[in-house]
Amino acid sequence: MYETQYHRATSVEGAARQMGEAEDGKYLAGGMTLIPTMKQRLASPSDLVDLRRIEALKGVKITGRTVRIGAVTSHYDVSTNVELAKICPAITSLAGHIGDPQVRNMGTIGGSIANNDPAADYPSALLALDATIVTNRRSIAAADYFIGLFETALEPDEIITAVEFTAPDRAAYKKFPNPASLYAMAGVFVAKSGDTVRVAVTGAGENGVFRLEDAETALAADFHASALDNLTVDPNGLLSDLHASAEYRANLVKVMAKRAVAEIASRPM
Amino acid sequence: MGVEGIGARVLRKEDKRFITGKGKYTDDMVVPGMKHATFVRSPHAHARITGIDVDAAKAMSGVVAVLTGSELKADGIGNLICGWMIHSKDGTPMKMGAWSPLATDKVRYVGDAVAIVIADTKGEARDAAEAVEVSYEELPVVVNALDAMQQGAPEIHAEAPDNLIFDWDLGDEAATNAAFAKAAHVTSMDIVNNRLVPNAMEPRATLGVYDSGEDHYTCWTTSQNPHVARLVMSAFYNVAPENKLRVIAPDVGGGFGSKIYIYPEEITCLWASRKTGVPVKWVADRTESFLTDAHGRDHVTHAEIAFDSDHRILGLKVATIANLGAYMSLFSSCVPTYLYATLLSGQYAIPAIHANVKTVYTNTAPVDAYRGAGRPEATYVLERIMETAARELKISPAELRRKNFVKSFPHQTPVIMCYDAGDFDATLDAAMNAADYAGFENRRQEAAKRGKLRGIGMSCYIEACGLAPSSAVGSLGAGVGLWESAEVRVNAVGTIEILTGSHSHGQGHETTFAQLAAERFGVPIDSVSIVHGDTDKVQMGMGTYGSRSGAVGMSAIAKALDKVEAKAKKIAAHLLEADEADIEIKNGDVRVAGTDKSVPWFQVALAAYTAHNLPSGMEPGLKEGAFYDPSNFTFPGGCHICEVEIDPETGTTEIVQFVAADDFGNIINPMIVEGQVHGGLAQGIGQALLEATHYDASGQLLTASYMDYTMPRAVDLPSFTVTNTVTACPSNPLGVKGCGEAGAIGSPPAVINAVTDAISNNNLAMPATPQNVWAALQAAK
Ligand SMILES: Cc1cc2nc3c(=O)[nH]c(=O)nc-3n(C[C@H](O)[C@H](O)[C@H](O)COP(=O)(O)OP(=O)(O)OC[C@H]3O[C@@H](n4cnc5c(N)ncnc54)[C@H](O)[C@@H]3O)c2cc1C
């Protein structure tokens, strides 16, 4: 790791100010991505502004069916939130299957979506839930937020403060993990609210998270796993690497989508 | 048996310090004035070095020195060597290319060391290492053994035209051809044994300390065999004479073979310590471990097996190409030859065998012994082809094996080995019973109802361990003898120190070896200390690898214990005024058999040291040494049965049952033996299902971290069923065989036989990752 200056922010404004004063600063949340990158000397920020102690960014707030998750809330805290599990078990279960216990204790939702790893789990949930990403400057719809591989609509130095969404009627997330890293090799989030079905896929797209519109149409007409039997997922545009060819990923997307729907069907209403 | 003697399941004495974080590893060693080293490593797989500019690096803060290979050479430090001579079938010696600890003219793989930077802190050393300017002229790269043999492939060492190191034969080719001419059925197949990264939990590390007052060197290092390290560094690398070089291997966090060898780093740090006058420590980071620890396996084989009409094996032909990487590591040449082809007879009576092995250089990390070393490769070839033959012949794989088992001992195979003992029917029966083999068809049908493909596979392995009779390995080209040494020191109060040339890096020697003394003298194991891993404390010994510490290391201890016991009995007979032949030692008392006359063990020891009242002419003291050279290898064998369920939609394999029935001869501590089996199985299953090592065409290691290299996790493994049968080994005094590698040797073919059974497609390479299994399922459609 190269030398760096560490700052512990106590407010969002303070963090923004500290960042403004830094030569080439970076926000630090759980550090699960940033710190290893720095240790490998692939990143060398002059300053780290730690957001994790900012009270305003912590915790899950639920009002009716409206959910607000503060940006520095850990995966562990999301996964164990009992109230959230009552209205949206898909997201608590998703959080509970990120990486390993160490990663879940440190990693945050804000860090995850700021980083926008194409194999991260949360992006699929936020896209399928039609969530809003709230920053210190504005609110961004998930559909406009996730732009590409590790690319988002965030402006330089913009701070994610929270994620907001309305709990869907029913939802489920199914992930096929990369056997080595445990990140998603194909993760499919299915959310149904009224007659609207949204299906978002992570881990598979060459451009990051995307919606699987053919599946949405089929499921809107018939919300059963069997409605996806004839779905064809086009390998074009899917990632291909050591662990999974585009063809294999296309298969996994379909299988995970069906399993997510089946899981919803198997749960009591 | 005493409560802590032979056969007792006592808990490991060493675990307290390991579990509480009190182990002392090389990186825990701190000496005054110590500085930290980083190696400048090649980012290219193959390039000529056209210049090294160290000026900017030398000027950086905290930097003590930046040293290169030309300075090392100028000081007379020698090249690394492979210590086992193999001759090609045409009689020419193997073609070993030069391996300078720091490359001077060419780099040959990504990670090849080019310079050492020494600074006050590791961070400063790293900063300065980035400022070392090495100019490279890139050369064409070859990573795959088959490609390396193609005409026009890049030449890696001028000494080895066509990258061929040797072209070696074993067995009778004419007799094998004649056997095939009579065959009623021939099964042939191509078999790849995937390259593995050893991944010891503790990365390699070394601390070199030069004392100018004494002109003496101390080398702390992560070694499985500190005496061998001293011998090789002294005799071949010209670091220092043996009496001026102390090698200490303190607690070592796993080796699996990768810490047998002498690497560039320890030589360079020792030399650099003298050059700079400061102690120099280097600790590998995980990336360096991936890039530069000697890898394992990497064979490509074509095999054919011939049967008569009664399904008896007539002959076996094997042609293997082994990738040895960019340089010949210390024992690299013996792994694909004498540790491999000599095991190709397996558990079977095979009248004729012919094996040809070609080894080649590539622009990849050096390949050497990794848990099992050659024997997993042999077992994989034989047990895959036996299973395949059974499928082709449409007979039960168990029956085909049983029919061909060696049934009487000693059994001379056509490939050097003479099996001394075994009962292969017994291990097969034990495994089939434990696995409820007969009930498999029902389980398959039940799984099918759940949409799962269930398969079963077995592997009947034999291995040769307890390396090894010195004269035998000497005649086969080994540069060293493979005996072991021990010294038993009884202290004046009866506590015991056992100095052993074996080295424990996870095997539990501190417990098992103490049990031998507990058995002999009835003392608690807590009063027995095992001393190992320091050339200044322990007499010359050969270290731990090849499952030799039980069969060879403990046999040396047993011999020394014999001598101590004999002397103790003489002293006791004198004290008790009895006949020496009537003295027996039981439960901490030395007594006259059949009487109540006894003297406590500690008083015998005390008498030896006060020397007030010893038999006339007897030397004081109670301390004896022994060297033990085995008369044969030992031959553990067994049967592993694996049962899997595959999710056809995703290709995911779940091991639903794994049975290992092993014959390790007599067992000293069953719990430790089971632990060794569990660890070996985890590595074997890791190879079969998870671990893949990929280099891209430019020689970059793509799987250089745990983000891409899949280490087995607890969830990947079932609860193992481990059971034993016993045929005592006639070739050593304890009747023990060896258990350290068997798990990794026997399991991979059992897993792949099960997976290919489940998917009804035999064309599947290791590792059977979900993607590979899914692709094989699609291909079979
Ligand atoms: C071994 C391992 C396994 C993992 N497995 C998974 C997995 O299975 N699924 C998965 O989804 N993820 C996985 N992760 C990623 C992990 O879950 C974290 O989400 C991720 O590392 C980023 O979160 P963080 O809080 O650690 O962010 P950091 O590493 O601290 O920061 C990441 C980036 O986001 C920026 N940033 C952080 N917070 C904010 C903010 N509030 N506003 C603006 N920018 C911000 C930082 O500046 C930095 O650029 C894994 C990580 C590891 C190390």
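Quantities reported herein were computed from a predicted structural model and do not represent experimental measurements.

Bringing helix α19 (residues 742-759) of chain B into the picture now. Helix length check: α19(B) (18 residues) gives 27 Å between terminal C-alpha atoms against 26 Å at 1.5 Å per residue, within 8%. Burial analysis of α19(B) places 18 of its 18 residues in the buried class, the great majority of the element.

The next subject is the UniProt feature "domain: FAD-binding PCMH-type" (unreviewed entry) in chain A. Per the UniProt record, the feature "domain: FAD-binding PCMH-type" (unreviewed entry) sits at residues 1-170 of chain A. In residues 1-170 of chain A, the share of helix is 35% and the share of strand is 24%. The end C-alpha atoms are 45 Å apart.

This structure, assessed with the given rule, holds 20 aromatic pairs over all chains. Their ring planes at 90° and their centres at 4.8 Å tell us that A:Tyr145 and A:Phe146 sit as a pair that is edge-to-face. Like A:Tyr145, the residue A:Phe146 is buried in the burial classification. Between B:Phe405 and B:Phe424, the aromatic rings sit 5.8 Å apart at their centres with planes inclined by 65°, giving edge-to-face as the arrangement. Remark: B:Phe424 occurs in helix α12 (residues 424-434) and B:Phe405 occurs in the loop between α11 (397-404) and β16 (411-412); sequence separation between them is 19 residues. Assigned by exposure class, B:Phe405 and B:Phe424 land together as buried. Following the ring pairs from residue to residue traces out a cluster consisting of B:Tyr348, B:Phe405, B:Phe409 and B:Phe424. The positively charged end of A:Lys192 is found above the aromatic ring belonging to A:Phe223, 5.5 Å away from the centroid.

For the rest of this paragraph, the subject is the sheet that holds strand β1 (residues 5-8) of chain A. Residue and element names in this part refer to chain A. The strand order β1-β3-β2 describes an open sheet built from three strands, whose pairing is parallel. The open sheet has two edge strands with one neighbour each: β1 and β2 (25-28). Pairs of neighbouring strands in the sheet enclose a mean axial angle of 25°, with direction left out of account. Sheet analysis places β1 next to strand β3 (residues 47-50), joined by four bridges and oriented parallel. Bridging across to β3, Arg8 finds its partner in Asp50.

Residue and element names in this part refer to chain B. Helix α17 (residues 601-610) packs onto helix α16 (residues 549-576) with a crossing angle of 90° between their chain directions and a minimal axis gap of 10 Å. Looking at the two axes, α16 sits roughly perpendicular to α17. Of the residues in α17, those in contact with Val564, Ala568, Ile571, Ala572 and Leu575 of α16 are Trp601, Gln603, Val604, Ala607 and Ala608. Across the contact of α16 with α17, the residue classes break down as nine nonpolar, one polar and no charged.

Residue and element names in this part refer to chain B. Counting residues in each nonpolar core, the largest one holds 175 residues, and the members touching the most others are Ile116, Met233, Tyr237 and Ile641. Among all residues touching Ile641, those that are not within four sequence positions of it are Ala431, Met432, Ala435, Tyr437, Ile456, Gly457, Met458, Gln657, Phe658 and Val659. Judged by nonpolar contacts, the second largest core, of 49 residues, contains Ile557, Ile583, Val592 and Val736.

Glancing now at the state of the cysteines. All names here are of chain B. Within this structure, the stated rule accounts for zero disulfides over all chains. Considering cysteine sulfurs only, Cys82 is the nearest to Cys334, which forms no disulfide, with 7.2 Å between them. Overall, Cys334 belongs to the buried group, its relative accessible area being 4%. Looking at the unpaired Cys460, the closest cysteine sulfur is the one in Cys639, lying at 4.0 Å. By relative accessible area, Cys460 is classed as buried at 2%.

All right, on to the site of the ligand then. All names here are of chain A. Taken together, 30 residues form the shell around the ligand, and within it Tyr27, Gly31, Thr33, Thr108 and Asp121 come nearest. Protein coverage of the free-state accessible area of the ligand, which is 960 Å², stands at 91%. At the level of secondary structure, the elements contributing two or more residues to the shell around the ligand comprise β2 and α7 (109-115). With four residues, α7 is the largest single contributor of residues to the shell around the ligand. Class assignment for the residues of the shell around the ligand results in 15 nonpolar, 11 polar and four charged.

Definitions and limits used
Residues numbered from 1 in each chain as written. Chains lettered and ligands numbered in written order. Predicted model: local features only at pLDDT ≥ 70, side-chain atom pairs only at ≥ 80, totals over all residues. Heavy atoms only, no water. Helix = DSSP H or I, 4+ residues; strand = E, 2+ residues; numbered from the N terminus. Expected span 1.5 Å × (residues − 1). Buried < 20%, exposed > 50% of the residue type's maximum accessible area, 1.4 Å probe, protein only. UniProt positions renumbered as here; feature names shortened; annotations may be inferred. Phe/Tyr/Trp six-rings, centres within 6.5 Å; stacked < 30°, edge-to-face > 60°. Lys NZ or Arg CZ within 6 Å of the ring centre and 35° of its normal. Pairing = 2+ DSSP bridges. Axes fitted to C-alpha atoms, helices over the stretch in contact; angles between N-to-C directions. Parallel < 35°, antiparallel > 145°, perpendicular 65-115°, else oblique. Contact = heavy atoms within 4.5 Å. Nonpolar A, V, L, I, M, F, W, Y, C, P; charged D, E, K, R; others polar. Core = buried A, V, L, I, M, F, W, Y, C linked by side-chain atoms within 4.5 Å. Disulfide = S-S within 2.5 Å. Near = heavy atom within 4 Å. Areas by Shrake-Rupley, 256 points an atom, 1.4 Å probe, with all protein chains shown as cover.

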